[in-house]
Amino acid sequence: MSATGPANAAEDVLSTQVGRELLELLDGRTRAHPWRLGSQALPLMVLEAADPDVDADAYVDALAQAAAAADIPHLALSLPDSPASSPTEGETGEGAERTAPAEIGLLDTLAKPNAWPGDRSAAGRFRFPRSDLVRSFEQAVKNAADKNSAHPSSTTPAEEWYDAAVLLPWTRRPLTAPVWWSTVIVLIAAIFGGIAQGVADKTRIGTLLMICVILLGAVALAAGLVNRRIWLPVLSRVGFGTRYRWLAASSFFAVQGNRGFDGRLNRELDHIHQAVATGSARSAESWLQTRTFAFLEDLRARHRKLSPTLRGFKRPVPSVVFLKNVTGRNGGVALLLAMSDVRSRRSELHPLLVVASVDHAHRADIDDLPGVRRTADALSPLARYEQWLESLARAQGPSAQVALPWLLRLPISVGSPIRAAPPPLKLRIRPRWTWLWSGRSLLVLLAALAVGGSYLHAQLTSTHCSVHGLFFANTDTRLRTDTAGSRECVGIATSGVRFERGPVSTALGGGRSGPNPAHTAGQITLADLEDRITAENTWVLGTHRPYVTILYVGMMTAANGQENSAVSTIRQLAGAYLAQRSNNRPESGGGDNPLKIRLLAVNAGQDMAFSKIAADRILSMARRDRTVVGVVGFGRNTAESQQAVRRLNAAGLAVVAPVNSSDTLPALPHYYGLAATDNDEAVVARKALGGRRPGRTLIVYRSPGSGNDYGAELAEDARRALQVGPSSTMLRYDGTDDIGGKVRAACRSSTGARYDLVYFAGRTEDLSGLINALRDGGCAGRALTVLGGDEVSRSRFGTGRTDVLLPRPMTVYYTTHTYLPNLVAGGRDADNPFFVLARNELGIGPAERSTLLADGQMVMTYDSASALTRAAENAFGTLNLAAHDGPRSPGSASVTSGSVLLTLPNLSYQGATGVIDFTGDQHVSGGSGRRALTLVKVTGGDVGAAPTAVCGQLAGGAPAPGLPRCQ
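Residues numbered from 1 in each chain as written. Predicted model: local features only at pLDDT ≥ 70, side-chain atom pairs only at ≥ 80, totals over all residues. Heavy atoms only, no water.

Asker: Even after reading the chapter, I still don't get the overall build of the protein, so can you show me in this structure?
Answerer: Helices and strands together make up the secondary structure of the protein, namely 31 helices and 25 strands. When each of the 967 residues of the protein is scored for burial, the buried share is 53%. Excluding contacts between residues fewer than 6 apart, the proportion of contacts in the protein whose partners are at least 24 apart in sequence is 71%. Per element, the accessible surface of the protein, about 42200 Å² overall, is 55% carbon and sulfur. (Helix = DSSP H or I, 4+ residues; strand = E, 2+ residues; numbered from the N terminus. Buried < 20%, exposed > 50% of the residue type's maximum accessible area, 1.4 Å probe, protein only. Contact = heavy atoms within 4.5 Å. Areas by Shrake-Rupley, 256 points an atom, 1.4 Å probe, with all protein chains shown as cover.)

Asker: For this particular structure, what's the right way to read the packing of helix α2 (residues 17-29) against helix α3 (residues 56-69)?
Answerer: Packed helix pairs are specified by the crossing angle of their axes together with the interaxial distance, meaning the distance between the axes. Packing of α2 against α3 leaves a shortest axis separation of 11 Å and a crossing angle of 45°. Accordingly, the angle class assigned to the pair α2 and α3 is oblique. Of the two elements, α2 crosses α3, and the hand of that crossing is right-handed. Contact residues: V18, G19, L22, L23 and L26 in α2; Y59, L63 and A66 in α3. (Axes fitted to C-alpha atoms, helices over the stretch in contact; angles between N-to-C directions. Parallel < 35°, antiparallel > 145°, perpendicular 65-115°, else oblique. Left-handed = near helix turned anticlockwise from the far one by under 90°.)

Asker: I'm lost on the packing of helix α21 (residues 611-624) against helix α22 (residues 639-650) in this one. Help?
Answerer: The geometry of α21 relative to α22 is characterised by a closest axis approach of 8 Å and an angle of 20° between their N-to-C directions. As summarised for this structure, α21 and α22 are arranged roughly parallel, according to the angle between their axes. Seen from above, α21 lies across α22 with right-handed handedness. Only E640, S641, A644, R647 and L648 of α22 make contact with α21, whose side of the interface consists of S611, K612, A615, D616, I618 and L619. Counted by class, the contact of α21 with α22 contains five nonpolar, two polar and four charged residues. (Nonpolar A, V, L, I, M, F, W, Y, C, P; charged D, E, K, R; others polar.)

Asker: How do you make sense of the state of the cysteines when you look at a structure like this?
Answerer: A disulfide bridge is the covalent bond that connects two cysteines by way of their sulfur atoms. Counting across every chain of the model gives three disulfides. The disulfide bridge from C951 ends at C966, spanning 1.9 Å between sulfur atoms. Of note, the bridge from C951 to C966 carries an S-S torsion of about 110° and is right-handed in sense. Of this pair, C951 sits in strand β25 (residues 947-953) while C966 sits in the segment after β25, placing them 15 residues apart in sequence. Its relative accessible area of 0% is what places C951 among the buried residues. (Disulfide = S-S within 2.5 Å.)

Asker: Is there a simple way to think about the pairing of strand β1 (residues 44-49) in this case?
Answerer: On a regular strand, one side chain projects to one face of the sheet and the next to the other, so that they alternate. β1 sits mainly inside the fold: six of its six residues count as buried. Along β1, one buried face is formed by L44, V46 and E48 and the opposite face, lined by M45, L47 and A49, is buried too. By the bridge criterion, five bridges tie β1 to strand β4 (residues 352-358) in an arrangement that is parallel. Counterpart to L47 in the pairing with β4 is S357. Note that β1 and strand β5 (residues 407-412) share six bridges and pair parallel. (Pairing = 2+ DSSP bridges.)

Asker: Would you mind going over empty space enclosed by the protein with me for this structure?
Answerer: Any space left empty among the atoms is revealed by the rolling of a water-sized probe across them. One pass over the full model with this rule turns up eight cavities of 30 Å³ or more. As a volume, the largest cavity reaches approximately 140 Å³. Residue lining of the largest cavity: 18 residues in total, with P666, G673, G927, S928 and R931 positioned closest to the centre. Considering every element that reaches the lining of the largest cavity, the biggest residue donor is strand β16 (residues 671-673), with three residues. In terms of residue class, the lining of the largest cavity is built from six nonpolar, nine polar and three charged. (1 Å grid on protein atoms, 1.4 Å probe; cavity = no way out; pocket = protein on both sides within 12 Å on 5 of 7 lines; lining within 4 Å. Points joined across faces, edges and corners; volume = space filled by probe spheres on them.)

Asker: Please clarify how the side chain of R315 should be interpreted in this entry.
Answerer: Its location among the elements puts R315 in the loop between α14 (311-314) and β3 (319-324). Judged by its relative accessible area of 6%, R315 is buried. Reaching out from R315, the side chain makes a polar contact with the backbone oxygen of R302 at a distance of 2.8 Å. (Polar contact = N/O pair within 3.5 Å; in protein donor to acceptor, adjacent residues only side chain to side chain.)

Asker: What am I meant to see in the sheet that holds β5 here?
Answerer: Adjacent strands of a sheet pair through backbone hydrogen bonds, lying either parallel or antiparallel. Sheet architecture is open: five strands sit in the order β2-β3-β4-β1-β5, paired in parallel fashion. Each edge of the open sheet is held by one strand with a lone partner, namely β2 (74-78) and β5. Across this sheet, the average inter-strand angle for adjacent strands is 15°, counted without regard to direction. Against the sheet, helix α4 (residues 102-110) contacts β2 and β3, and its axis sits at roughly 145° relative to β2.

Asker: I would appreciate a short explanation of unusual backbone geometry in the present structure.
Answerer: Glycine aside, the phi torsion of most residues is negative, and most peptide linkages are trans. Even without being a glycine, S153 presents a positive backbone phi close to 60°. Its place among the elements puts S153 in the loop between α5 (129-150) and α6 (157-165). For S153, a relative accessible area of 73% gives the class exposed. With a phi close to 50°, A521 is a non-glycine residue in the positive phi region. Within the secondary structure, A521 is located in the loop between β11 (512-513) and α19 (526-543).

Asker: Quick question: what am I supposed to make of the sheet that holds strand β13 (residues 596-603) here?
Answerer: Pairing in this open sheet of seven strands is mixed, and the strands run β8-β9-β13-β12-β14-β15-β16 from one edge to the other. Edge strands, defined here as strands with exactly one partner in the open sheet, are β8 (477-481) and β16. If you compare each strand with its neighbour and ignore which way they point, the axes differ by 25° on average. Judged from the two bridges that link them, strand β9 (residues 487-492) and β13 form a sheet pairing that is antiparallel. Bridge pairing links I492 to V602 in β13. Along the sheet, helix α18 (residues 439-463) contacts β8 and β9; its crossing angle with β8, the most-contacted strand, is approximately 80°. Along the sheet face, helix α30 (residues 857-878) touches β12 (547-554), β13, β14 (628-633) and β15 (654-657) and points at about 165° away from the line of β14.

Asker: I'm lost on α21 in this one. Help?
Answerer: Given 3.6 residues to a turn, an α-helix orients residues that are three or four positions apart in the same direction. Given a rise of 1.5 Å per residue, 14 residues ought to cover 20 Å, and the 20 Å separating the end C-alpha atoms of α21 matches this to within 8%. Among all positions of α21, only S611, I613, A614, A615, R617, I618, L619 and M621 are buried. Residues of α21 that are buried in the fold lie against β8, β9, β12, β13, β14 and α22. (Expected span 1.5 Å × (residues − 1).)

Asker: Honestly, the layout of surface pockets in this entry has me stumped. Any pointers?
Answerer: Estimates place the volume of the largest pocket at around 1400 Å³. Around the largest pocket sit 43 residues that line it, and T764, R794, S795, R796 and T802 are the ones nearest its centre. Breaking the lining of the largest pocket down by element, the ones donating at least two residues are α20 (567-584), α25 (736-748), β21 (810-816), α27 (820-824) and α29 (846-852). Per element, the largest residue contribution to the lining of the largest pocket is three residues, and it comes from α20.

Asker: Got a minute to help me understand a nonpolar patch on the surface in this structure?
Answerer: Together, L442, L443, L445, L446 and L449 line one region of the surface with nonpolar side chains, adding up to about 500 Å² of accessible area. By the element assignment, L446 lies in helix α18. A relative accessible area of 46% means that L446 is categorised as partly exposed. (Patch = residues over 30% accessible without salt bridge, like charges linked within 9 Å, V, L, I, M, F, W, Y side chains within 5 Å. Salt bridge = Lys/Arg side-chain N within 4 Å of Asp/Glu carboxyl O.)

Asker: Help me understand the pattern of salt bridges in this model?
Answerer: Working definition: two side chains of opposite charge can pair if their charged atoms are close together. Applying the stated criterion to the full structure yields 42 salt bridges. Here R796 makes a salt bridge to D803, at a shortest N to O gap of 3.5 Å. The class of R796 is partly exposed, set by a relative accessible area of 43%. Judged by its relative accessible area of 17%, D803 is buried. Put simply, D917 and R930 hold a salt bridge, and the shortest N to O gap is 3.3 Å. Residue D917 is found in strand β23 (residues 914-917), and its partner R930 is found in the loop between β23 and β24 (933-939); the two are separated by 13 residues along the sequence. The class for R930 is partly exposed, based on a relative accessible area of 31%. Overlapping salt bridges, with partners in common, bring together D108, D132, R135, E138 and R291 in one network.

Asker: Is there a simple way to think about the environment of N584 in this case?
Answerer: Among the structural elements, N584 can be located in helix α20. Here N584 falls in the buried class, since its relative accessible area comes to 1%. N584 sits 10 residues away from P594 along the chain, and the two C-alpha atoms are 8.4 Å apart. Only 3.0 Å separates the side chain of N584 from the backbone nitrogen of I597, close enough to count as a polar contact.

Next comes the structure, spelled out in structure tokens:
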């Protein structure tokens, strides 16, 4: 422990000229150098009493007290002139006759971790594993001597060290198999017999042998893992399962010679044995230097910068050892000699400063060393240090030629005190930045990560539909809240994302149920379709053949309670899936084209309100995935969907819309619609009047603010096409809950002049409310004609639970883009690929057609996706990519969205709904006028309503079978 003396005595000693210079030397050698520590030479300072009246120990005490005040890691020891004999490390009780030299005991004291005061946990405790290793050598020598005294030649020190340090007490014992191995052998035989009997007739002999080898290896591995005597020898030989072997094989022990590990070990053990048993001076010197070398290397390791804890930066000052009353008898001089020799051989700048004192009576212990020169007392300590520093290069060498080259001898003479007390040493503080790399900082970081990670995970889960690995979100989808307060998943369905968040899903028939691969026809849910599309996409990617990516955009989710409004979009997705299968799989009734199709579903949410997000995700994917060649969908014409279509058009992506009847979108250069426009529908609806002018007319349309720009546009087209008079009424409603009250009020206010004609420009889900309000309000008390656009065609008239019931005097006329009897007339359903695929893939036969295909959503989307697919195939064929090798045709690296835009204007082929012909499109407002359109009449009755076609044409302008043209 430290022995520093009173504070005033220390001030008196350090107030002398010599004391101030010694303090300056201590200050200069222990400056904080976190980056350069280890690059300076630290001497072994010996304060020698030049006169008998000089107390050199007082100077050491004063310096130790100054070091303690400056928080310098130090250890102060007072060495007795005649140390008491102590047994060798590990010897206690009877038979403890061999004693260790005093210098060995001194090293043991220095190498004890708890002996060092000020050992901060932030920088790690002082540990001395190399010193422990040398002590294990000494313990092995003692154990061997004890055992051989009882049983001569029964062991050797090397065997004892292996037994104790390497933990292999059974290395000399034969390995015997445990009893349970017989059971394992029987089990292996039974397994092999069963395998041979079961697969011999069906498996080749090579495969059978491989299976047996694998099983045998698995059983052997399991047996080895449960038996310590098998796996511990292997681990210990490579450095595991041992306390010292990894350290003994390191550079510290490797410098002891080039005889290999066993050779170096035996030599060290022999030196220790000779030093203890026979008192060999040469062996004792080797033993001491090995001990000293281990201690200095341990100390250097505790200042290593590139350690996991960066402890070298946290200890920016060297450690200091203060030794008082060093003599030749108490081991102090021998220790200084060993440190000097080790440093001379290894040329290591160990971070250790030694300050020792020698009284006047024992100066001869140093003077008598071979080759040591007596010091001249005229020089000051600082001058002596400079002289020593200059002489290092020429005086450094083994002590046989130059004794103690690292020794700095400082004679201390009697000096007079100076009045002013010396300034205290500056407090040694670890660099502030090292607090960022500490246990406390780690706890703070972990706490911050826990809080921040939880917050980030909560943010991700509240923003994205899919979050995996805590912090990895699928950025192709977003969670958003619609106007009704429902949470919807919008974006692109990639990486297994499903849009519906609950356990049930909306079906093609309008119901809701859990997904099931066995579902057919109207039972097929949106989740079922997503699973099938995912499986097909996986197959496309697995074939490693050229492919392009088509995205379908629609309203696949809706607010809570309004899920049925998404049925038409789900049917459209089914049509896109059939087009994908038609292109990829010949066995389903389609073709086997060299260019495969990957289909991705995109959800724009309730009333297409999140079309902007959908467009953002589509453009983001198109930038990183060049296989994206176009978009199908956007069937609802709203302000949001129009803006999204215009953004995609400006970005150079083709948009093929199946049922969007906008008047303005066809003017876009990259937009192709398969549906007739609102203006075309209004003009055709006039055919229902038989050429007469309409009477008082009520035009009902949905407010654009409720997600229905389609209604406002169609209402204006109807007003112009029908040429309604001034007595007519334009009635705007805001939604399903609003239409009934406003229509009833309008009917009741027209008792004097009832309405003759009602034009409905709203959504399908609002039609029942309109019909009921007309009946309840009195408008349907006499003959009444109701006209409507293609939205009405999505409704089913009849007496069923979800049907629209018409009053007897009411007649409904509506336009439809497809009329099912036109498509199947003349047995066309037998060779039409769409109907074949619908039957084979979805189980939609003749009995289900009137329910699932009458609205035309599925067949129109089938033609739209097929048109985009045909354009990509034409580009693929035009580039003659199939004639090149594989690397030339990896998908969109060959067929791009630009090449598809070049082929679309020249596309003309026979589709499911007629001739899909884009060659005549002039991209002007109002459309080309060559799209399929049929006017259908439904008359109310007690037992239901039967639709009848009035006029119509197929896609491409060809007349419908058996019907006059409407224009």
